[in-house]
Amino acid sequence: MYDYYLGGRTNFTADREAVGKVMAAFPAALVAARANRDFMHRSVRYLAEHGMDQFLDIGTGIPTSPNLHEVAQSVTPGARIVYVDNDPIVLTHAQALLTSSPEGRTAYVHADLGEPESILASPELAKTLDLGRPVALSLNAVLHFIADGREGLSAHQIVDTLKDALAPGSALVISHGTADFSPVEATETTQIYRAVGTSAQPRSRKEIEAFFEGWDLVEPGIAVTHRWRPDEADLLSDISDAEACCYAAVAIKPA
Ligand SMILES: C[S@@+](CC[C@H](N)C(=O)[O-])C[C@H]1O[C@@H](n2cnc3c(N)ncnc32)[C@H](O)[C@@H]1O
């Protein structure tokens with residue numbers, strides 16, 4: 001569905017039908033997806049420009065250029081990236097994520113965010129990233145698929161497990177859907193996702209802020225995706241908070 005929102009071609013009839021229903025309930029879905037993807041680009045560029053050269057991206061999605069490694073390696077050619085997703089379709093297309101610069105390296109791990117220990121223990125991760133040094137962990141538009149009340153670790157426990165494994169100086173990047181601006185549309189959209197078998201859970205600003213507990217938020221703190229360090233093009237756009245409907249932030253692990 002996200003690939004279709006972004007104008008990609010790796011989507012199927014069932015995805016397009018479900019998107020049609022979402023668009024009827026929430027016509028700004030495409031705008032929200034674009035604003036989210038643009039936040040990913042800006043946050044990665046910001047972190048790379050501030051010396052981050054290792055990235056762990058969980059909930060990567062179907063490749064859509066520029067992918068995270070293309071943004072990071074355009075600033076730091078030696079950057080190393082591990083991508084993680086649990087969708088077999090993403091696995092099929094993972095080759096497009098493995099087009100690293102010669103100086104850098106990328107790896108793909110087929111795993112579930114619900115089992116963070118298995119992601120951390122994966123041999124591909126060990127071969128690609130040095131967890132003794134800072135890593136930027138990105139969880140963009142994925143935690144809202146970890147619903148409250150599910151079996152296993154809660155979304156906040158998952159994030160805490162990952163945060164604990166990272167060295168001081170590491171970064172946590174999150175974008176996350178919220179019902180704060182349009183509760184009726186968000187509830188309807190959540191129901192459509194659930195009806196097609198995808199658990200979904202919008203969260204409030206306070207619940208999203210709690211993911212960052214103990215880490216230092218980078219300016220401007222928690223912001224709606226298009227308002228997080230916007231560049232000139234973002235400033236010119238007239239997206240409303242209700243259309244973007246996702247909060248985003250970046251925080252750094254203190255020493
Ligand atoms: C909306 S896309 C976001 C893609 C990308 N992070 C971005 O923000 O542009 C969400 C991705 O998260 C993946 N995903 C959902 N639940 C997951 C889970 N439990 N473990 C790993 N990946 C998951 C989906 O397969 C999908 O590819």
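Just so you know, these numbers come straight off a predicted model, no measurement behind them.

1. Quick look at empty space enclosed by the protein
Applying the stated criterion to the full structure yields 1 cavity of 30 Å³ or more. The calculated volume of the largest cavity comes to roughly 40 Å³. Contributing to the lining of the largest cavity are Met-40, Ser-43, Val-44, Leu-47, Phe-55, Ala-136, Ser-138, Asn-140 and Val-173. At the level of elements, α3 (29–49) and β4 (136–140) are the ones that each hand at least two residues to the lining of the largest cavity. Top contributing element to the lining of the largest cavity by residue count: α3, with 4 residues.

2. Focus: the side chain of Asp-3
Locating Asp-3 in the fold gives a position in helix α1 (residues 2–5). The side chain of Asp-3 sits in the buried core without any salt bridge; Arg-16 is the nearest counter-charge, 7.4 Å away. Beyond its immediate sequence surroundings of up to four residues, Asp-3 is in contact with Gly-8, Arg-9, Thr-10, Asn-11, Ile-62 and Thr-64.

3. Re helix α2 (residues 13–25)
Between the first and last C-alpha of α2 there are 19 Å, a value that for 13 residues agrees with the 18 Å anticipated at 1.5 Å per step. Along α2, the residues that are buried comprise Ala-18, Val-19, Val-22 and Ala-25. Down the axis of α2, the sector holding all buried residues measures 115°, keeping them to one side. Opposite its buried face, α2 presents the exposed residues Glu-17 and Ala-24, each directed more than 90 degrees away. Against α1, α3 and α9 (183–195) lie the buried residues of α2.

4. Points about unusual backbone geometry
With omega at 0°, the peptide bond leading from Ser-65 into Pro-66 counts as cis. Relative to the elements of secondary structure, Pro-66 occurs in the loop between β1 (54–58) and α4 (68–75). Here Glu-219 and Pro-220 are connected by a cis peptide whose omega angle stands at 10°. One non-glycine residue, Ala-141, lies in the positive phi region at around 50°. At Cys-245, a residue that is not glycine, the phi angle is positive and equals roughly 45°. Looking at where Cys-245 falls in the secondary structure, it is placed in the loop between α12 (241–244) and β8 (246–252).

5. Focus on the nonpolar core
Among the nonpolar cores identified, the biggest contains 36 residues, and Leu-56, Ile-58, Leu-113, Leu-139 and Phe-212 are the most heavily contacted of them. For this core, the secondary-structure elements that each account for two or more residues are β1, β2 (80–85), β3 (105–110), α6 (116–120), β4, α8 (155–164), β5 (171–177) and β8. In terms of residues, this core owes the most to one element, α8, which gives 4 residues. Within the second largest apolar cluster, 27 residues are counted, among which are Leu-68, Val-71, Leu-97 and Ala-248.

6. Observations concerning the environment of Ser-118
Positionally, Ser-118 belongs in helix α6. Classification of Ser-118 by relative accessible area gives partly exposed; the value is 36%.

7. A closer look at the site of the ligand
For the ligand, the set of nearby residues contains 18 residues, the closest of which are Tyr-2, Asn-36, Gly-59, Asp-85 and Leu-113. A distance of 2.9 Å is found between an oxygen atom of the ligand and a side-chain nitrogen or oxygen belonging to Arg-37. Within the contact set of the ligand, a nitrogen atom lies 2.9 Å away from a backbone nitrogen or oxygen of Asn-140. Burial of the ligand by the protein chains amounts to 89% of its free accessible area of 600 Å². For the shell around the ligand, the class distribution of residues is 8 nonpolar, 6 polar and 4 charged.

Rules used in this analysis
- Residues numbered from 1 in each chain as written.
- Predicted model: local features only at pLDDT ≥ 70, side-chain atom pairs only at ≥ 80, totals over all residues.
- Heavy atoms only, no water.
- 1 Å grid on protein atoms, 1.4 Å probe; cavity = no way out; pocket = protein on both sides within 12 Å on 5 of 7 lines; lining within 4 Å.
- Points joined across faces, edges and corners; volume = space filled by probe spheres on them.
- Helix = DSSP H or I, 4+ residues; strand = E, 2+ residues; numbered from the N terminus.
- Buried < 20%, exposed > 50% of the residue type's maximum accessible area, 1.4 Å probe, protein only.
- Lys, Arg positive; Asp, Glu negative; His and termini not counted.
- Salt bridge = Lys/Arg side-chain N within 4 Å of Asp/Glu carboxyl O.
- Contact = heavy atoms within 4.5 Å.
- Expected span 1.5 Å × (residues − 1).
- Arc of directions from axis to C-beta.
- Core = buried A, V, L, I, M, F, W, Y, C linked by side-chain atoms within 4.5 Å.
- Near = heavy atom within 4 Å.
- Polar contact = N/O pair within 3.5 Å; in protein donor to acceptor, adjacent residues only side chain to side chain.
- Areas by Shrake-Rupley, 256 points an atom, 1.4 Å probe, with all protein chains shown as cover.
- Nonpolar A, V, L, I, M, F, W, Y, C, P; charged D, E, K, R; others polar.

So, to be careful, I would describe these as geometric facts and stop short of saying anything about function.
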